[in-house]
Structure formats: structure tokens, C-alpha cells
Amino acid sequence: MGDVINLNRFRKGRDKAARAQDADANRRKFGRTKAEKAVEESEEARRKALLDGAKRED
């Protein structure tokens, strides 16, 4: 026979790992300085302008 596992413990562990992953993503997204946000925003605007400039008109 296989090992006996506690399903509640398994479920809670899985949920805890998912919450930790979401928290890590939020720390990366919102845990930046104003200067870092400005640099990222300007890079995104530059990338968008470059992409729009390369767009072909039909």
C-alpha cells in the first residue's frame, strides 16, 4: 500500500506556495523606486515607438 497523506495539509501547502509566488510577483511589480519605475516606463515607450515605427501601412 502507498503512504497515507493528510489531504488538508497537502491542500494548505499547495495554497501557501501559490500565495508565496503571488507575493513574490507583487514585490517585483510594486517594490521599485520611483527612478526604477521611470526608467522602465521610458524603455517601454521607446520599445513601443520602435515597434510602431516599423509597422507597415497597408
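For the structure given in this document, a descriptive report is provided here. (Residues numbered from 1 in each chain as written. Predicted model: local features only at pLDDT ≥ 70, side-chain atom pairs only at ≥ 80, totals over all residues. Heavy atoms only, no water.)

1. So, the pattern of salt bridges
Okay, so step 1: Inspection of the entire model under this criterion finds six salt bridges.
Okay, so step 2: Salt-bridge contacts for Asp-24 lead to Arg-27; the nearest nitrogen and oxygen are separated by 3.8 Å. Pair noted here: Asp-24 and Arg-27 are both in helix α1 (residues 7-30), with a separation of three residues, about one helical turn.
Okay, so step 3: On the basis of relative accessibility, which here comes to 27%, the residue Asp-24 falls in the partly exposed class.
Okay, so step 4: Here Glu-43 makes a salt bridge to Arg-47, at a shortest N to O gap of 3.8 Å. With Glu-43 and Arg-47 both in helix α2 (residues 34-53) and four residues apart, this pair spans about one turn of that helix.
Okay, so step 5: Judged by its relative accessible area of 42%, Arg-47 falls in the partly exposed class.
Okay, so step 6: When salt bridges that share partners are traced, they join Asp-24, Arg-27 and Arg-28 into one network. (Salt bridge = Lys/Arg side-chain N within 4 Å of Asp/Glu carboxyl O. Helix = DSSP H or I, 4+ residues; strand = E, 2+ residues; numbered from the N terminus. Buried < 20%, exposed > 50% of the residue type's maximum accessible area, 1.4 Å probe, protein only.)

Nothing here speaks to function; it is geometry throughout.
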